[in-house]
Amino acid sequence: MCGIVGAVSERDVQGILLEGLRRLEYRGYDSAGMAVIDGGRVTQRAREVGKVASLAEAIETNPLSGHLGIAHTRWATHGEPSQVNAHPHMSGDRLAIVHNGIIENYQELREELKAAGFEFTSQTDTEVVAHLIEQYYRKHSNLYDAVKAAIARLRGAYALAVVHADEPDHLVVCREGSPLVIGVGIGENFIASDQLALLPVTDRFMFLEEGDIADIRRDAVSIHDREGMPVERKIIRFEHGSDSAEKGEYRHFMLKEIYEQPAVIKATMEGRITDTRVLEQALGTDAANLLQDVNHVQIIACGTSYHAGMVARYWIEELAGVPCSVEVASEFRYRKHVIQRDTLFLCIS
Ligand code: HGA
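Not measured: the values here are computed from a predicted model.

Visitor: What exactly am I supposed to notice about the site of the ligand here?
Guide: Every one of the 13 residues lining the ligand counts as a neighbour, but C2, R74, T77, H87 and G101 are closest to it. In this structure, T77 approaches the ligand through a side-chain N or O atom, which is 2.7 Å from a nitrogen atom. Coverage of the ligand by the protein amounts to 97% of the 320 Å² it exposes when considered alone. Here the shell around the ligand gets 3 residues from one element, more than from any other, and that element is strand β6 (residues 95–103). The residue makeup of the shell around the ligand, split by class, is 4 nonpolar, 7 polar and 2 charged.

Next up, the structure:
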């Protein structure tokens, strides 16, 4: 799952963004990138396939310096993992954007933008959003208004962070279906997919709600809801020690895990579903095609995962109408089995 980090500060932001990306590595990713704007109003960008460590090496050789920046770890849904598909995506050499989610109507927007003269350098749905915002920027000459106009045309799930070299003192972010949190600092502000990314720089957070769009400056945050009304989102202080490695108020870890299930399921599904359907690309770039051919599901798991698999079998057969078998992994490993063509394996650990 992609991870987003952003910062607007008096100090240089490269180190903050890099540490944020390291802290989002747990989400799984295939490439990483960063864009920074300096006082001279240049958008500098670095992108690398593979680990955040590769990006760190690249920017050690060619540092990106500036007080405003965005960064991203990518889990590809549209277009293979590669440097050209890695985020941030740019429109021209001034606007840069990072995105977590899936734009469902990206094909039609891509055709429209191509006809309007925009050139595409990647296969991603995200680049469509970059050009769409730039198109509106030419009309409104204001990044906030341009983002607002562009997202009204999007269908799907997104958390977006956008910067423009012509407006080097703020970033614009929004969310619909994917998580985004604002980290409130002193004379500096941050954004990320997960508050854990920002703990080295702040412990005060505002959680954006669905449909929110926010303008983030060094010394001010202004948020509007889906209807365009100004809204306040409460600042919540992160209690150090109340993180997942601590038992907190629970008698034991198992009880804690049980009570955390609704929140964990919500966080896992964010960015992968819309109101009406599951976005199959969230499972990988070719998932939609592959899933069409599946005529049998084989679940392999142990212990509690095996029992979860048995529940899944009821749901898969009832809702999808696809035959499903569940087997204990240690048995499956050591016996000679016959596997039908077009079997989807779900291995739960
Ligand atoms: N659709 C975008 C972002 C992918 C994402 O959010 N993954 O979790 C892409 O393919 O680059």
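Visitor: Please explain the layout of surface pockets as it appears in this structure.
Guide: Where empty space is left can be seen by rolling a probe of water-molecule size over the atoms. Taken as a whole, the largest pocket spans an internal volume of roughly 1400 Å³. Looking at the largest pocket, it is lined by 32 residues, and the ones nearest its centre are M269, L283, A312, I316 and L346. Going through the elements one at a time, α6 (253–269), α7 (287–292), β16 (296–301), α8 (303–320) and β18 (343–347) are the ones with two or more residues in the lining of the largest pocket. Considering every element that reaches the lining of the largest pocket, the biggest residue donor is α8, with 8 residues. Taken together, the residues of the lining of the largest pocket break down into 25 nonpolar, 5 polar and 2 charged. Looking at the second largest pocket, its volume works out to about 1200 Å³. Lining the second largest pocket are 31 residues; nearest its centre among them are D194, Q195, A263, V264 and A267. When residues in the lining of the second largest pocket are grouped by element, the largest group, 8 residues, is from α6.

Visitor: I tried to follow the pairing of strand β12 (residues 213–217) on my own but got confused; where do I start?
Guide: Across the 5 residues of β12, 4 count as buried, placing the element largely inside the fold. In this structure, strand β8 (residues 170–176) lies alongside β12, joined through 5 bridges in antiparallel fashion. Its bridge partner being in β12, V173 is matched across the sheet by A214. In this sheet, strand β13 (residues 221–224) lies alongside β12 in antiparallel orientation, the contact comprising 4 bridges. What sits directly across from I213, in β13, is H224. Counting the residues that bridge the hairpin from β12 to β13 gives 3 residues.

Visitor: Help me understand the packing of helix α1 (residues 14–23) against helix α2 (residues 52–61), please; the structure alone is not making it clear to me.
Guide: Any two packed helices are characterised by the angle at which their axes cross and by the distance between the axes. Relative to each other, α1 and α2 sit at 165 degrees, their axes nearing to 10 Å. Compared by their axis directions, α1 and α2 come out roughly antiparallel. For the crossing formed where α1 meets α2, the hand is left-handed. Contacts between α1 and α2 involve Q14, L18, L21 and R22 from the former and V52, L55, A56 and I59 from the latter. The residue inventory of the contact of α1 with α2, partitioned by class, reads 6 nonpolar, 1 polar and 1 charged.

Basis of the calculations
Residues numbered from 1 in each chain as written. Predicted model: local features only at pLDDT ≥ 70, side-chain atom pairs only at ≥ 80, totals over all residues. Heavy atoms only, no water. Near = heavy atom within 4 Å. Polar contact = N/O pair within 3.5 Å; in protein donor to acceptor, adjacent residues only side chain to side chain. Areas by Shrake-Rupley, 256 points an atom, 1.4 Å probe, with all protein chains shown as cover. Helix = DSSP H or I, 4+ residues; strand = E, 2+ residues; numbered from the N terminus. Nonpolar A, V, L, I, M, F, W, Y, C, P; charged D, E, K, R; others polar. 1 Å grid on protein atoms, 1.4 Å probe; cavity = no way out; pocket = protein on both sides within 12 Å on 5 of 7 lines; lining within 4 Å. Points joined across faces, edges and corners; volume = space filled by probe spheres on them. Buried < 20%, exposed > 50% of the residue type's maximum accessible area, 1.4 Å probe, protein only. Pairing = 2+ DSSP bridges. Axes fitted to C-alpha atoms, helices over the stretch in contact; angles between N-to-C directions. Parallel < 35°, antiparallel > 145°, perpendicular 65-115°, else oblique. Left-handed = near helix turned anticlockwise from the far one by under 90°. Contact = heavy atoms within 4.5 Å.

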